[in-house]
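Next come the chains, spelled out residue by residue.
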Amino acid sequence: MQKNHWSQLTAAVCAGLSLGGALLGLARPALAQTPVYPSHAITMIVPFPPGGLADIVARPVAESMARELGQPVVIENRGGAGGGIGMGVAARAKPDGYTVVMALSSFTVIPEADALIGRSPMYGMADLRPIARYTADPTVLAVRADAPWKTAKEFIEDARKRPSAINYGSSGNYGTMHVPMEILAQVAGVKLTHVPFTGAGPAVLALLGGQIDAVSTGPATVLQHVKAGKIRVLAHWGIAGLAALPEVSSLKDLGFNAEYAQWSGLFIPSGTPEAIAQKLRLAARAAAQDPKVREVIQNTGSPVVYLDSPDFEKYVQADARRMIDVVRKIGKVE
C-alpha cells in the first residue's frame, strides 16, 4: 500500500511539473512579444524651421533624452501656420511614445484662432499632453542696428505718425511673434503691417536683409546678431529684467501695459500609455538638469526655467485662458 501510494504521489507531482512547464512554455512567447520601450528611434517634431527658439531648445534636449532612453531622438522640422501644422501632425500621431513635439506658446493660441476664423481645427489642446517646460522668455522688440529708432518710444511715436507704414515679421498668423506685436499695437494705439513667415529663423533673416522693419521674438533668436552689432533690441514684453540683455527696458516700465512670454515645452499625444509617458517625463527632466543642455540654451540668452508635468499642465491651462481674450481682440486674420 505504501509503495502504491508513493507511486501515485510521484505520478501526480510529475504531472503537475509537466503541466507547469507547459504553462511556462506558453507564457514565454507572450512575454517575448511585449516590446521594451523604446526599441527604436523617437521623432521629436519641431513645428518651426531651424533657427528659432523651438529648434534651439529641441536639439540639445533631444541629444540628452537619447542618452537617457538609449535610442536616437531625431529632430523633424515641420514649420507653418504659426506652429499649427507641426503640432497638428504630433496630435494625430500614433500615441506609442515614438512621436513627441517641442511646442511654443502658440500652442494655447491656435485652437482659439481656428474657432474665431471658422477654419477646421489643426488640433485641440486636449490632443497633446504637457510633459516639461524648458524656457519662458519675454519676447524682445528687435530692429536692425541701422534702423532710425534708438528707443521703443521712438518706434511707437513713428508708428503713430505713419499708420501701417512700419512692418514686422512673424512665424505665422497668431504665432508667438504675431501675438505680442498685436498686444503692443492694441495698448499703444498704433497700426503696424504684419508680414508672416514660416518661422522665427526666416523672419530674422528677412529683418537682416532689410525686407521687414522689426520682429518680436525670443532673445535666443537674435542675441548672436545683437552681439555682432547687426540688430538692436529696443524693449521687451517681460515684467522683470532680462539677464541676457540687462540694459533693455520692459514695455511696462515705459508705460505700455504689454506683457507676453514665449515659452517652449515638450508634449506627447494624449493617448500615450502611462508607463511610456512616465519614461519620457523622466528623460525630459534629466535633460532639463543636464549641464550640457543648460549651457547650450543659456548661451543663446534663454535661461532654463523648468516645470515638471503637473505644474506645466496648470501653466498651460492658465495661459490658454488668458490668450482667449487676446485672440478675440486681434480678430480675424486670414
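Just above sits the structure.
Notes on the structure follow. In this numbering scheme, every chain counts its residues from 1 along its sequence in written order. Per-residue local features of the predicted model are confined to residues with pLDDT of at least 70, and side-chain atom pairs are confined, for both listing and counting, to 80 or more; whole-chain, interface and lining totals are unaffected and use all residues. Side-chain figures throughout are based on the complete set of non-hydrogen atoms in the structure, without hydrogens or water.

Moving on to the packing of helix α7 (residues 200-208) against helix α8 (residues 219-227). The axes used here are C-alpha line fits, helices contributing only the stretch in contact, and every angle between their N-to-C directions lies in the interval 0 to 180 degrees. Secondary structure elements follow DSSP: runs of H or I of four or more residues count as helices, runs of E of two or more count as strands, with numbering from the N terminus. Running from N to C, α7 and α8 cross one another at 30°; their axes reach a closest spacing of 10 Å. Between α7 and α8, the interaxial angle falls into the category roughly parallel. As for the relative orientation of α7 and α8, their crossing is right-handed in sense. Seen from α7, the contacting residues are Ala200, Val204 and Leu208; seen from α8, they are Thr221, Val222 and His225. Split by residue class, the contact of α7 with α8 holds four nonpolar, two polar and no charged. Roughly parallel here means an angle under 35 degrees, roughly antiparallel means over 145, roughly perpendicular means 65 to 115, and every remaining angle is called oblique. Note: crossing handedness is left-handed where the near helix turns anticlockwise from the far helix by less than a right angle, and right-handed where it turns clockwise. Any two residues having at least one pair of non-hydrogen atoms within 4.5 Å are treated as being in contact. Gly is placed with the polar residues, together with every amino acid not listed as nonpolar (Ala, Val, Leu, Ile, Met, Phe, Trp, Tyr, Cys and Pro) or charged (Asp, Glu, Lys and Arg).

Overall, mixed pairing links the six strands, which are arranged β2-β1-β3-β10-β4-β11 in an open sheet. Every interior strand has two partners, whereas the edge strands, β2 (73-77) and β11 (307-308), have only one. In this sheet, strand β10 (residues 261-269) lies alongside strand β3 (residues 99-104) in antiparallel orientation, the contact comprising four bridges. The residue of β10 that forms the bridge with Val101 is Phe267. Where helix α9 (residues 274-289) meets the sheet, its contacts fall on β1 (42-46), β3, β4 (128-138), β10 and β11, and the angle it forms with β4 comes to roughly 20°. The rule for pairing is simple: two strands pair if DSSP sees at least two bridges between them.

Moving on to the sheet that holds strand β5 (residues 140-144). Judged by pairing direction, the sheet is mixed, and its five strands sit side by side in the order β7-β6-β8-β5-β9 without closing on themselves. Edge positions in the sheet fall to β7 (193-196) and β9 (231-236), since each of these pairs with one other strand and no more. Mean inter-strand twist for the sheet, computed between neighbouring axes without regard to direction, equals 30°. Pairing analysis gives four bridges linking β5 to strand β8 (residues 214-217), with the strands arranged antiparallel. By the bridge assignment, Val143 is partnered in β8 with Ala214. Of the strands in this sheet, β5, β6 (167-170), β7 and β8 touch helix α6 (residues 178-188), which is tilted by about 150° from β6.

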